[in-house]
Amino acid sequence: IVGETPLRYHDLEEPQPLLLRAKLDRVFGVVVARDTVSTRSDQRLNQLCNLLLTKLASDQAAKRSPGDNLVFQPMESERETGSRIRKAFGRLKAAYPTTFSSNDDTDLRFDDHTLHEVVYELASTKLVDVTPETISEAFQVFRSANLKSGEGQYFTPSRIIRSAVEIMEIG
């Protein structure tokens, strides 16, 4: 993706459920194996959800202005990608302040290398207007990372669900 023409909305690919799940599984692996800033599993999951919401907001903006370049795409350097994505997250926080009110949401706490790798992996994947089956399959990746203690029940935090619904403008 880097070095080619910048991505625009028409470049986004509709993901198949299992392919999106595989991408998110790889992304989660990158975060767990390589990130030097987020070391706790709950923090990693929260930060990854914030990054996915940033991607979703970027896709929404691109859908409204399909001729504009996507915000969520890798830049020439890891530092540039990190800076760009952190600014995009800052705009998302400003637009939805009640969604991002905890101390864990003050910034994206991944190092630039991790942000660049995750953005590279997800940039061309369309997250807006995907089927509920696709979203359901994709979020299976997070279930094992977010297992309720001892009960064997899985859940996606309600603030993530509310945020995704609000950003996607689902009734």
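Right above here is the structure, for reference.
In this text the structure is predicted, and so the values were computed from the model without any measurement.

**What about the packing of aromatic side chains?**
Stage number 1. This structure, assessed with the given rule, holds one aromatic pair.
Stage number 2. With 5.3 Å between their ring centres and 85° between their planes, Phe-89 and Phe-100 make a pair best called edge-to-face. Highlighted residues: Phe-89 in helix α3 (residues 78-95) and Phe-100 in the loop between α3 and α4 (112-122), separated in sequence by eleven residues. Here Phe-89 matches Phe-100 in class, with each residue buried.

**Concerning the layout of surface pockets**
Stage number 1. The computed volume of the second largest pocket comes to approximately 250 Å³.
Stage number 2. Lining the second largest pocket we find 14 residues, and of these Ala-57, Ser-58, Ala-61, Arg-64 and Leu-92 sit closest to its centre.
Stage number 3. The element that contributes the greatest number of residues to the lining of the second largest pocket is helix α2 (residues 41-64), accounting for six residues.
Stage number 4. Split by residue class, the lining of the second largest pocket holds eight nonpolar, three polar and three charged.

**Quick look at the environment of Asp-112**
Stage number 1. On the secondary structure map, Asp-112 appears in helix α4.
Stage number 2. Residue class for Asp-112 comes out partly exposed when judged on its relative accessible area of 25%.
Stage number 3. Taking the C-alpha atoms as reference, Asp-112 lies 5.4 Å from Glu-78; in sequence the two are 34 residues apart.
Stage number 4. A polar contact is formed between the side chain of Asp-112 and the side chain of Arg-86, at a distance of 2.6 Å.

What counts and what doesn't
- Residues numbered from 1 in each chain as written.
- Predicted model: local features only at pLDDT ≥ 70, side-chain atom pairs only at ≥ 80, totals over all residues.
- Heavy atoms only, no water.
- Phe/Tyr/Trp six-rings, centres within 6.5 Å; stacked < 30°, edge-to-face > 60°.
- Helix = DSSP H or I, 4+ residues; strand = E, 2+ residues; numbered from the N terminus.
- Buried < 20%, exposed > 50% of the residue type's maximum accessible area, 1.4 Å probe, protein only.
- 1 Å grid on protein atoms, 1.4 Å probe; cavity = no way out; pocket = protein on both sides within 12 Å on 5 of 7 lines; lining within 4 Å.
- Points joined across faces, edges and corners; volume = space filled by probe spheres on them.
- Nonpolar A, V, L, I, M, F, W, Y, C, P; charged D, E, K, R; others polar.
- Polar contact = N/O pair within 3.5 Å; in protein donor to acceptor, adjacent residues only side chain to side chain.

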